[in-house]
Amino acid sequence: HHPAAADGLRRARPGVAVSASAPQPERVETGEWIGRYRLCFEIATGGMATVYLARSEGPGGFEKLVALKRVRQAYSEEQEFVDMFLDEARIASKISHANVCQVFDFGEADGAHYITMEYLSGAPLSRVRARLTESLTPQQDRHELRGEDQEPLHVVHRDVSPQNIFLTYDGVGKVLDFGVASARNRLHKTTSGTVKGKHGYMAPEQLTALPIDRRTDVWALGVVLWEMLARRPLFRG
């Protein structure tokens, strides 16, 4: 199952992380169309977006399953959230790597923006960590991403954690959720002094709102690896 790229996931299908404080889902009818995608069912919902299993259909019985992430109606008219969603789609769609969840499409339907991405069959690393069956070290090639001008985009994920590392059942790791990633030319600019991410995985410079670079993600990945080996949190604050 594919997790929602937003805070406060609630259970919608077996295998999706949950939070008691999560919002109620936006109900959809099976078979409803969003753009050119037919919804199958809701996978998970968060504070900003809802993720559905969807499929695109074509001639000759062509069918492709995708995970469709749509901005919740409550935020679809707030430019700040729309800009963050646009940034996520734009940054993630430029990355082509075996260990990064692939974004296929971006669009708007009925006044709400949506992203379609790989539908992954597996579980978040946070669940795998609890079962102690696997460990994973994704590569950092996304940090080399360049823009059309061939200048580095300086992409920093800022939220590398077990919740955002997904392990498929065939043993491939995928980095998810570029919603709070920093990069050159983002539409949404983080207010000075604002800290984004999960505190237990933040590097010192991120916690104190100092300038960050790729080493911030390497720090967070080191924390994840430590926790997989030690079977307990590294930082409790």
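This part is about the side chain of Glu118. Along the polypeptide, Glu118 turns up in strand β6 (residues 112-118). With relative accessibility at 16%, the residue Glu118 sits in the buried group. Within the local environment of Glu118, its side chain forms a polar contact with the backbone nitrogen of Gln102, the two atoms lying 2.8 Å apart. A polar contact is formed between the side chain of Glu118 and the side chain of Lys174, at a distance of 3.3 Å.

Before going further, it helps to examine the pairing of strand β8 (residues 165-168). Burial along β8 is two-sided: Ile165 and Leu167 facing one way and Phe166 and Thr168 facing the other are all buried. In terms of strand pairing, strand β7 (residues 122-124) meets β8 through 3 bridges, oriented antiparallel. In the sheet register, Gly122 faces β8, and the bridge partner there is Thr168. Pairing of β8 with strand β9 (residues 173-175) involves 3 bridges; the strand directions are antiparallel. Counterpart to Ile165 in the pairing with β9 is Val175. Linking β8 to β9, which pair antiparallel, is a turn of 4 residues; within it Gly171 sits at a positive phi near 90°.

Below, the discussion takes up the packing of aromatic side chains. One pass over the structure, following the stated rule, counts 3 aromatic pairs. Taking the centre distance of 6.3 Å and the plane angle of 5° together, the rings of Trp219 and Phe235 count as stacked. Residue Trp219 is found in helix α4 (residues 214-230), and its partner Phe235 is found in the segment after α4; the two are separated by 16 residues along the sequence. Given a relative accessible area of 34%, Trp219 falls into the partly exposed group.

Looking now at the sheet that holds β7. As summarised here, the arrangement of the 3 strands in space is β7-β8-β9, forming an open sheet in which the pairing is antiparallel. The open sheet has two edge strands with one neighbour each: β7 and β9. Pairs of neighbouring strands in the sheet enclose a mean axial angle of 25°, with direction left out of account.

Opposite charge on two side chains permits pairing when their charged atoms draw close. Inspection of the entire model under this criterion finds 9 salt bridges. A salt bridge links Asp159 to Lys198, with the shortest nitrogen-to-oxygen separation between them at 3.0 Å. Residue Asp159 is found in the loop between α2 (125-131) and β8, and its partner Lys198 is found in the loop between β9 and α3 (204-207); the two are separated by 39 residues along the sequence. Note on Asp159: relative accessible area 9%, which makes it buried. Relative accessible area serves as the criterion here: at 27%, Lys198 is assigned to the partly exposed category. We note a salt bridge from Arg215 to Asp213, for which the minimum N-O separation is 2.7 Å. On the basis of relative accessibility, which here comes to 60%, the residue Arg215 falls in the exposed class. Classification of Asp213 as partly exposed rests on a relative accessible area of 30%. Among the charged side chains, a salt-bridge network with shared partners connects Arg38, Arg55, Glu57 and Glu63.

This part takes up the sheet that holds β6. Across the sheet, 6 strands lie side by side as β1-β2-β3-β4-β6-β5; this open sheet has antiparallel pairing. A strand with exactly one partner marks an edge of an open sheet, and here the two such strands are β1 (33-34) and β5 (103-109). Alignment of β5 against β6, held across 6 bridges, turns out to be antiparallel. Counterpart to Gly107 in the pairing with β6 is Tyr114. Packed onto the sheet, helix α1 (residues 79-93) meets β4 (63-71), β5 and β6 and runs at close to 25° relative to β6.

Definitions and limits used
- Residues numbered from 1 in each chain as written.
- Predicted model: local features only at pLDDT ≥ 70, side-chain atom pairs only at ≥ 80, totals over all residues.
- Heavy atoms only, no water.
- Helix = DSSP H or I, 4+ residues; strand = E, 2+ residues; numbered from the N terminus.
- Buried < 20%, exposed > 50% of the residue type's maximum accessible area, 1.4 Å probe, protein only.
- Polar contact = N/O pair within 3.5 Å; in protein donor to acceptor, adjacent residues only side chain to side chain.
- Pairing = 2+ DSSP bridges.
- Phe/Tyr/Trp six-rings, centres within 6.5 Å; stacked < 30°, edge-to-face > 60°.
- Axes fitted to C-alpha atoms, helices over the stretch in contact; angles between N-to-C directions.
- Salt bridge = Lys/Arg side-chain N within 4 Å of Asp/Glu carboxyl O.
- Contact = heavy atoms within 4.5 Å.

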